[in-house]
Amino acid sequence: MRVMVMMKGTEAIEQGVQPSEALMAEMMAFNEELVAAGIMISGEGLQPSSKGKRVVFGGRDKPIVYEGPFAETKELIAGFWIWEVKDMDEAIAWAVRIPDTDKLHGEVEVRPVVTFEDFDNMTPELAAQEQSLRERTGG
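Residues numbered from 1 in each chain as written. Predicted model: local features only at pLDDT ≥ 70, side-chain atom pairs only at ≥ 80, totals over all residues. Heavy atoms only, no water.

Draft legend 1. Unusual backbone geometry, seen in detail. The residue after G68, namely P69, is reached through a cis peptide bond having omega 5 degrees. Take P69: it is sitting in the loop between β4 (64–67) and β5 (77–84). (Helix = DSSP H or I, 4+ residues; strand = E, 2+ residues; numbered from the N terminus.)

In structure tokens, the structure reads:
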């Protein structure tokens, strides 16, 4: 099962507070463990929302684009991983080990990734197209 582990934003992260060298070293060691265990597929940190934009659809004829920063830091994502795990218990066992030396992190959210098998209306043609896209993108 694939999961997305989302590191939630905090005031400090939104203000651009940089992690210490110690936290960077611990995070690299943690990521090395994830890779060695065959868990980590990808992972990235994100710039503060002040450097981002938000596209809102909301049933309108045309989406609206908003400039960052965005007010609700607890709703923002500061970084993410994609992990391949056997189940949610394994994902949580890894998630509770995420380094937080600087006490900059607020929380992480772990959610299963939707697969085409999760859809009742997936035709064989759409499933083949989905598989082709995954193969071409390395997913």
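Draft legend 2. Local environment of the sheet that holds strand β6 (residues 108–112). Sheet architecture is open: 4 strands sit in the order β2-β5-β1-β6, paired in antiparallel fashion. The open sheet has two free edges, formed respectively by β2 (40–45) and β6, since each of these has just one partner strand. Looking at each pair of strands side by side, their axes are set apart by 15 degrees on average, direction ignored. Its contacts with the sheet put helix α2 (residues 21–36) on β2 and β5, and the angle it makes with β5 is roughly 25 degrees. Against the sheet, helix α3 (residues 88–95) engages β1 (2–8), β5 and β6, with an angle of about 160 degrees to β6. (Pairing = 2+ DSSP bridges. Axes fitted to C-alpha atoms, helices over the stretch in contact; angles between N-to-C directions. Contact = heavy atoms within 4.5 Å.)

Draft legend 3. Examining a nonpolar patch on the surface more closely. Taken together, the side chains of V55, F57 and V65 define a hydrophobic patch exposed on the protein surface, amounting to about 300 Å² of accessible area. Within the secondary structure, V55 sits in strand β3 (residues 53–56). (Patch = residues over 30% accessible without salt bridge, like charges linked within 9 Å, V, L, I, M, F, W, Y side chains within 5 Å. Areas by Shrake-Rupley, 256 points an atom, 1.4 Å probe, with all protein chains shown as cover. Salt bridge = Lys/Arg side-chain N within 4 Å of Asp/Glu carboxyl O.)

Draft legend 4. Main features of the nonpolar core. In terms of nonpolar packing, the biggest core is built from 17 residues, with V3, V5, F30, L34, W81, W83 and I98 touching the most fellow members. Listed by contribution, the elements that provide at least two residues to this core are β1, α2, β5 and α3. (Core = buried A, V, L, I, M, F, W, Y, C linked by side-chain atoms within 4.5 Å. Buried < 20%, exposed > 50% of the residue type's maximum accessible area, 1.4 Å probe, protein only.)

Draft legend 5. Molecular detail of α3. Within α3, the full set of buried residues consists of A91, W94 and A95. Looking straight down α3, one finds that the buried residues subtend no more than 100 degrees of arc, so they occupy a single side. Among the structural elements, β1, α2, β5 and β6 are those in contact with the buried residues of α3. (Arc of directions from axis to C-beta.)

Draft legend 6. The confidence of the model for the protein chain, seen in detail. In this model, the protein chain carries a mean pLDDT of 91, and residues with pLDDT of at least 70 account for 98%. Ranking the elements of the protein chain by mean pLDDT puts helix α4 (residues 124–137) last, at 84, and α3 first, at 98. (pLDDT = per-residue confidence, 0-100.)

Draft legend 7. Just the packing of aromatic side chains, in detail. Taken as a whole, this structure holds 4 aromatic pairs when the rule is applied. Ring centres 6.1 Å apart and planes at 80 degrees place the aromatic pair F30 and W81 in the edge-to-face group. Taken together, the residues span a long stretch of sequence, with F30 in helix α2 and W81 in strand β5 at a distance of 51 residues. One aromatic cluster is present, formed by F30, W81, W83 and W94 through successive ring pairs. (Phe/Tyr/Trp six-rings, centres within 6.5 Å; stacked < 30°, edge-to-face > 60°.)

Draft legend 8. Molecular detail of the pattern of salt bridges. Applying the stated criterion across every chain yields a total of 6 salt bridges. Between E84 and R2 there is a salt bridge; the shortest N-O distance is 3.2 Å. Note that E84 is positioned in strand β5 and R2 in strand β1, a separation of 82 residues in sequence. E84 gets classed as partly exposed once you look at its relative accessible area, which sits at 32%. Taking the relative accessible area as the measure of exposure, R2 reaches 26% and is therefore partly exposed. A salt bridge links K53 to E67; its shortest N-O distance comes to 2.6 Å. Here K53 is found in strand β3, whereas its partner E67 is found in strand β4, with 14 residues between them in sequence. Neither residue differs from the other here; K53 and E67 are each classed as exposed. Among the charged side chains, a network of salt bridges with common partners joins K8, E109 and R111.

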